[in-house]
Amino acid sequence: MGFVRFDTEGAVGIVTIDRPKALNALNSEVLAELDACFDSIDTNTIRAVILTGEGDKSFVAGADIGEMSKLSPAEGEAFGKKGNDVFRKIETFPVPVIAAVNGFALGGGCEIAMSCDIRICSDNAMFGQPEVGLGITPGFGGTQRLARIVGVGMAKQLIYTARNIKADEAFRIGLVNAVYSPEELMPAAKKMAATIAQNAPIAVRACKKAINEGLDAKMDDAIVIEEKLFGSCFETHDQIEGMNAFLEKRKEKNFTNS
Ligand code: DAK
């Protein structure tokens, strides 16, 4: 792959968008490679994924404006679908995905970060949905996910004004969970991913599914989604191992995702 790298550290996978000359902007090739990369991840061995951008300046500076500028309405819709399919794949990926936002996260960059489970960033990060200034709407789920993450009023303000915000404001409004110096960002992301990876994968996956699917459901239905996933954990190896470890006062646990 030319624009997307995949590395592993133990049970943690690291996906790096590697197109620094264009500040990691998302063109069709990057989107296709991201799609193939997530498809190729072995979720039996990888228990948490970090998504980041190459270089110290930009996470993803948006969809590729050069490529988009020449699209017809039908091509624009197809480009939007290509992005949305990849972003939805990340959002529903069986294991948690942490966005380590190391600089600009504008337009499609903010949107891909929002399709991840958790966002942390460096103190030079900048977020925004500048699309209305380019004569388009956010097209990779920004109108939907931003409102769900930071609330309707704040999402509308950010989208209608096309104003970029810095890391401290992104933290204040809940768009990111924590802010680090650029040097501390990846170690922090790896530490968080490793902490997730040491828990029972079967349970972590069920939690992701319960939260995601429950958010789209009415509370009465959402509770049933949780009940069913809770029930599905019982008599698994990992439930027996986790509870036996507690009862035997044992720190080491051998979770197998089974
Ligand atoms: N696309 C293509 N190239 C980009 C780019 C982008 N989004 N962002 C930066 N680059 C390229 C620049 O053109 C430049 O290339 P060269 O000229 O060196 O060849 C190189 O990266 C370095 O950028 P700058 O020289 O501009 O660097 P600066 O530090 O001066 O400025 C910046 C950094 C991030 C402030 C600036 O580059 C900038 O404003 N970039 C554009 C940010 C932006 O507006 N992003 C949002 C794009 S809109 C849809 C589907 C998707 C979308 C919408 C609809 N449907 C089909 C419905 C998504 C839309 C977006 O993401």
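Check the entry above for the structure.
Bear in mind the structure is a predicted one, so any value in this text is a computation, not a measurement.

Participant: How should the packing of aromatic side chains be read in this particular structure?
Facilitator: What characterises a pair of aromatic rings is the spacing of the ring centres plus the angle enclosed by the ring planes. According to the stated counting rule, one finds four aromatic pairs in the structure shown. Consider the rings of phenylalanine 38 and phenylalanine 93, whose centres lie 5.1 Å apart with planes at 85°: the pair is edge-to-face. Here phenylalanine 38 is found in helix α1 (residues 28-40), whereas its partner phenylalanine 93 is found in the loop between α3 (73-91) and β5 (97-101), with 55 residues between them in sequence. Aromatic side chains phenylalanine 230 and phenylalanine 234 sit 5.1 Å apart centroid to centroid with 75° between the ring planes, which places their arrangement in the edge-to-face category. Taken together, the aromatic side chains of Phe79, Phe87 and Phe140 make up a single cluster linked through ring pairs.

Participant: Any chance you could explain the site of the ligand here in plain terms?
Facilitator: In the vicinity of the ligand lie 24 residues, with Lys57, Ala61, Ala63, Gly76 and Gly108 positioned nearest. Between the ligand and lysine 57, the relevant distance is 2.7 Å, taken from an oxygen atom to a side-chain nitrogen or oxygen of the residue. One of the backbone N or O atoms of alanine 61 is found 2.9 Å from a nitrogen atom in the ligand. Protein burial of the ligand: of its 1,100 Å² of free accessible surface, 61% is covered by the chains.

Participant: Can you walk me through the nonpolar core in this structure?
Facilitator: One recurring pattern in soluble globular proteins is that nonpolar side chains are buried together. Grouped together as the largest cluster of nonpolar side chains are 46 residues, with contacts concentrated most on Leu34, Leu51, Phe127 and Leu175. The element that contributes the greatest number of residues to this core is α1, accounting for five residues. Those residues in contact with phenylalanine 127, other than ones at most four positions away along the chain, are Val101, Ala105, Leu106, Cys110, Cys121, Arg163, Asn164, Ile165, Ala170, Leu175 and Val176. The next biggest cluster of nonpolar side chains, apart from the first, holds 15 residues, and it includes Ala48, Ile50, Ala100 and Ala189.

Participant: Would you explain the side chain of glutamine 239 in this entry?
Facilitator: The residue glutamine 239 is located in helix α11 (residues 237-247) in this model. Not counting the four nearest positions on each side in its chain, glutamine 239 is found in contact with Cys233 and Phe234.

Participant: So what exactly am I meant to see when it comes to the state of the cysteines here?
Facilitator: By definition, a disulfide links the sulfur atoms of two cysteine residues through a covalent bond. In the structure shown here, the tally under the stated rule is zero disulfides. The closest cysteine sulfur to the non-disulfide-bonded cysteine 37 is located on cysteine 116, 12 Å from its own sulfur. Unpaired in this structure, cysteine 116 has its nearest cysteine sulfur neighbour in cysteine 110, at a distance of 11 Å. The buried category is assigned to cysteine 116, whose relative accessible area is 4%.

Participant: When you look at the layout of surface pockets in this model, what are you seeing that I'm missing?
Facilitator: Here the idea is plain: a probe the size of a water molecule rolls over the atoms and shows the empty space left. Each pocket or cavity is described by its volume, and for the largest pocket that value is around 790 Å³. Lining the largest pocket are 29 residues, with Glu91, Asp117, Ile211, Asn212 and Leu215 sitting closest to its centre. Within the residue set of the lining of the largest pocket, elements represented by two or more residues are α3, β7 (118-122), α5 (142-150) and α9 (201-215). A per-element tally of the lining of the largest pocket places α9 first, with 10 residues. Split into classes, the residues belonging to the lining of the largest pocket amount to 13 nonpolar, five polar and 11 charged. Of the voids in this model, the second largest pocket is the one considered here, and its volume is about 480 Å³. Looking at the second largest pocket, it is lined by 22 residues, and the ones nearest its centre are Ala63, Met68, Glu131, Ile136 and Thr137. Contributions of two or more residues to the lining of the second largest pocket are made by α2 (65-68), α3 and α4 (108-114). Ranked by the residues each element gives to the lining of the second largest pocket, the list is headed by α3, at three residues. A per-class count over the lining of the second largest pocket returns 12 nonpolar, eight polar and two charged.

Participant: Where do I start with unusual backbone geometry in this structure?
Facilitator: Excluding glycine, residues mostly have negative phi values, and the peptide bonds linking residues are mostly trans. Look at lysine 249: it is not a glycine, yet its phi comes out positive at around 55°. As for its placement among the helices and strands, lysine 249 is situated in the segment after α11. A relative accessible area of 77% means that lysine 249 is categorised as exposed. Even without glycine at this site, asparagine 257 takes up a positive phi of about 60°.

Participant: Please clarify how empty space enclosed by the protein should be interpreted in this entry.
Facilitator: Across all of its chains, the model carries one cavity of 30 Å³ or more by this definition. Reported here for the largest cavity is a volume of approximately 40 Å³. In terms of lining residues, the largest cavity is bounded by Cys110, Phe127, Gly128, Gln129, Leu146, Leu158, Ile165 and Leu175.

Cut-offs and rules
- Within each chain, residue numbers correspond to sequence positions counted from 1 in written order.
- With the structure being a predicted model, the display of local features is reserved for residues of pLDDT at least 70 and the display and counting of side-chain atom pairs for 80 or more, all residues being used for whole-chain, interface and lining totals.
- Each side-chain value is worked out from all heavy atoms of the structure, with water and hydrogens disregarded.
- Centre distance within 6.5 Å is the pairing criterion for rings of Phe, Tyr and Trp, where only the six-membered ring of Trp is used; planes under 30 degrees apart are then read as stacked, over 60 as edge-to-face, and the remainder as tilted.
- Note on conventions: DSSP H or I runs of at least 4 residues are helices, E runs of at least 2 residues are strands, and numbering of each starts at the N terminus.
- Residue proximity to a molecule or strand is established when one non-hydrogen atom of the residue lies within 4 Å of it.
- Polar contact is defined as a pair of N or O atoms within 3.5 Å, subject to the rule that within protein one atom must be able to donate a hydrogen and the other to accept it, and that residues adjacent in sequence are counted only when both atoms are side-chain atoms.
- Residue exposure ignores everything except the shown protein chains as possible cover, and the areas themselves are Shrake-Rupley values with a 1.4 Å probe.
- Among the buried residues, those of types Ala, Val, Leu, Ile, Met, Phe, Trp, Tyr and Cys that are joined through side-chain atoms within 4.5 Å form a nonpolar core.
- We call a residue buried when its accessible area falls under 20% of the maximum for its residue type, exposed when it is over 50%, and partly exposed in between, using a 1.4 Å probe and counting protein chains only.
- By definition, residues are in contact when any of their heavy atoms lie within 4.5 Å.
- By convention in this document, the label disulfide applies to cysteine sulfur atom pairs within 2.5 Å.
- Using a 1 Å grid laid over the protein atoms alone, points where a 1.4 Å probe fits but cannot get out form a cavity; open sets with protein on both sides within 12 Å along at least 5 of 7 lines form a pocket; any residue with an atom within 4 Å of a point counts as lining.
- Grid points are joined across faces, edges and corners, and a volume is the space filled by probe spheres set on the points.
- Residues are grouped as follows: Ala, Val, Leu, Ile, Met, Phe, Trp, Tyr, Cys and Pro are nonpolar; Asp, Glu, Lys and Arg are charged; all remaining types, including Gly, are polar.

Geometric values such as these leave the question of function open.
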